[in-house]
Amino acid sequence: MELHIRLEGRKGLANQLYQQLRAGIDSGHLAAGTQLPPTRLLAEQLGVSRKTVAEAYSRLTYENLLSGVVGRGTFITPRRPVHAEEPQAIALAAADSLKRWQQRATVLGRRALDAPSRYDFIGGASSKAQFPFDQWRTCLLYGLRRSQRHPDRHFAPQGLLELREAIAHHIAYARGVHCTASDVLVCNGAQQALDLIARVLVEPGCKVAMEDPGYPPARQLFLALGAHLQSVPVDAEGLCVEQIEAGTRLIYVTPSHQFPLGMPMSTPRRQALLARAAELGALVIEDDYDCEFRYAGPAAEALQRLDRHGLVAYVGTFSKTLLPELRLGYAVLPPAVMPAACVAKHLTDWHSPSVQQWALARFIAEGHLNRHIRRCHEVYSARRERILARLTGDLAPWFDAVPASAGFHLSALARPGVDVELLINLARKVEVGLYSLAPFFSHAPVRPGLLLGFGAIELLDIDPALDRVADTLQRLS
């Protein structure tokens, strides 16, 4: 890597070089301990004589800014940088727009900044201890070999055919989704899938409906695109379909495991939703974020499978099933939406990383994904049962569990008299991370309660953690 130096003219070159190096050292841009190029090499790069460079180095060495180490080279001497006066910034014409985006920080993003507690019931986080890192490493090496041999530098925005076929087979088997590889768009996580769908459907002022309570990043995304957002309440059967307004263009739901409360949408309500979407000509986004894990009763059919008019976009992710760092998800899109979404994907980032796509395709094809899901199902099921036992046992005077049969979080509604926010603050002092349901509500009356994630907490930690919660509740009572 060449040192960034610009010399002008043919006079005073040593002084120009000295001044630029001195400024870089004073500002801290050339950090202490950085090795400078040998005089001969730098002279060749700048097209000057070696004597010119040596003179500049000599002045800096005399001022104790450089030091030479025999047999190693010339290094910048450690010292406190002298920062130049910061240039005065001019307000941008788009300052209001930037401010609006800054205010769209999500509750999930703020929560991630908090230091984790010893016992953490954070939702949406899976257990890294269960992830088969050795098998994934082998699949990554396969992806690197494929990349090395592949003649193209760029790939189709829709995603590698090998991965799209693997995804189509997996979700047909696991969730009953009716699709082929041509219906699948590979994305950088479910969040990008939501962004791409909204980007091609939502215009300023158009109506978008979503559940209340609901997923805050989706809410903020729709608002950022200028949508007129309807916060539609939910009941024991799911979204209250009859409250979706006329003129709605997009409907966002989590029918298999309502986020954050957890109850599934009933079959009559699903049929009513599809009928209302057909009446409006609205697209329904079905976010099936964690439903590979089901613990009781038969799995409800995906809303997409019930669709007969090309009105459902099915969104899934591997961040919940595997690792959040993987950042790979997908959308199964109707034919009317796919071409526009592929253009949006192309303009956004061209395509998702091909090495990871090949690796995930091999990971699914070799059965690692299904084996991983089966292992995690046993682990998560035991954790879920333990939390439910406590909620229906000694914690029952304060909380009532919301019936849920999928995913890896439970919601517990607080009984009258429980100050949830105070409980959360006191629990953090005894190293227990609890999370309120309140931030997930928008316009609907807040139902005080807790979101209890069990993906990241170990089974043996659940009882000690809930013992501390019970003690805190006893003191509050």
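This structure is a prediction, so every number in the text was calculated from the model and none was measured.

Asks: Any chance you could explain the pairing of strand β2 (residues 66-69) here in plain terms?
Replies: Side-chain direction in a regular strand flips from residue to residue, so the side chains alternate between the two faces of the sheet. One ladder, built from four bridges, connects β2 with strand β3 (residues 73-76); its direction is antiparallel. The residue of β3 that forms the bridge with Leu66 is Ile76. What sits between the antiparallel neighbours β2 and β3 is a turn of three residues, in which Gly71 has the positive phi angle 85°.

Asks: Mind showing me how you'd approach helix α9 (residues 216-224) here?
Replies: Given 3.6 residues to a turn, an α-helix orients residues that are three or four positions apart in the same direction. Judged by how many residues are buried, α9 sits mostly within the fold: seven of nine residues are covered. Of all the positions in α9, only Pro216, Pro217, Ala218, Arg219, Gln220, Leu221 and Phe222 are classed as buried.

Asks: Teacher, can you tell me more about the state of the cysteines here?
Replies: By definition, a disulfide links the sulfur atoms of two cysteines through a covalent bond. Taken as a whole, this structure holds zero disulfides when the rule is applied. Cysteine Cys139 remains unbridged, with the sulfur of Cys376 as its closest cysteine sulfur at 16 Å. Classification of Cys139 as buried rests on a relative accessible area of 0%. Judged by its relative accessible area of 1%, Cys376 falls in the buried class.

Asks: Explanation requested: the side chain of Arg390 in the structure shown.
Replies: In this structure, Arg390 sits in helix α14 (residues 368-391). Here Arg390 falls in the buried class, since its relative accessible area comes to 6%. Reaching out from Arg390, the side chain makes a polar contact with the side chain of Asp394 at a distance of 2.9 Å. Those residues within four positions of Arg390 in sequence are excluded, and the remaining contacts are Leu395, Ala396, Asp463, Leu466, Asp467 and Ala470.

Asks: Explain the side chain of Ser352 here, please?
Replies: Note on placement: Ser352 falls in the loop between α12 (338-349) and α13 (354-365). Filtering out sequence-adjacent residues up to four positions away, Ser352 remains in contact with Val186, Cys187, Asn188, Gln192, Leu328, Lys345 and Gln357.

Asks: For this particular structure, what's the right way to read the packing of α14 against helix α16 (residues 459-476)?
Replies: Between two packed helices, the angle of one axis relative to the other and the distance separating the axes together describe the packing. Contact pair α14 / α16: the axes reach a minimum separation of 10 Å and the direction vectors enclose 20°. The orientation of α14 relative to α16 falls into the category roughly parallel. Seen along the crossing, α14 lies across α16 with a hand that is right-handed. Facing α14, whose interface residues are Ala382, Arg383, Arg386, Ile387 and Arg390, α16 presents Leu459, Ile462, Asp463, Leu466, Asp467 and Ala470. Residues belonging to the contact of α14 with α16 are distributed by class as follows: six nonpolar, no polar and five charged.

Asks: Looking at this model, I keep getting lost on the pattern of salt bridges. Mind explaining?
Replies: Oppositely charged side chains can form a pair if their charged atoms are brought close together. The final tally for this structure, using the stated rule, is 22 salt bridges. For Arg22, the salt bridge is made with Glu63, and the minimal N-O distance between the two is 2.7 Å. Taken together, the residues Arg22 in helix α1 (residues 13-27) and Glu63 in the loop between α3 (50-62) and β2 connect sequence positions 41 residues apart. A residue is classified by how much of its surface remains accessible, and Glu63, at 31% relative accessible area, is partly exposed. Because the salt bridges share partners, they merge into one network encompassing Arg386, Arg390, Asp394, Asp463 and Asp467.

Asks: Teacher, can you tell me more about the environment of Pro116 here?
Replies: Mapped onto the elements of the fold, Pro116 is located in the loop between α5 (107-113) and β4 (119-120). On the basis of relative accessible area, Pro116 is assigned to the exposed category, the value being 68%. Sequence separation between Pro116 and His170 is 54 residues; the distance between their C-alpha atoms is 34 Å.

Thresholds applied
Residues numbered from 1 in each chain as written. Predicted model: local features only at pLDDT ≥ 70, side-chain atom pairs only at ≥ 80, totals over all residues. Heavy atoms only, no water. Pairing = 2+ DSSP bridges. Helix = DSSP H or I, 4+ residues; strand = E, 2+ residues; numbered from the N terminus. Buried < 20%, exposed > 50% of the residue type's maximum accessible area, 1.4 Å probe, protein only. Disulfide = S-S within 2.5 Å. Polar contact = N/O pair within 3.5 Å; in protein donor to acceptor, adjacent residues only side chain to side chain. Contact = heavy atoms within 4.5 Å. Axes fitted to C-alpha atoms, helices over the stretch in contact; angles between N-to-C directions. Parallel < 35°, antiparallel > 145°, perpendicular 65-115°, else oblique. Left-handed = near helix turned anticlockwise from the far one by under 90°. Nonpolar A, V, L, I, M, F, W, Y, C, P; charged D, E, K, R; others polar. Salt bridge = Lys/Arg side-chain N within 4 Å of Asp/Glu carboxyl O.

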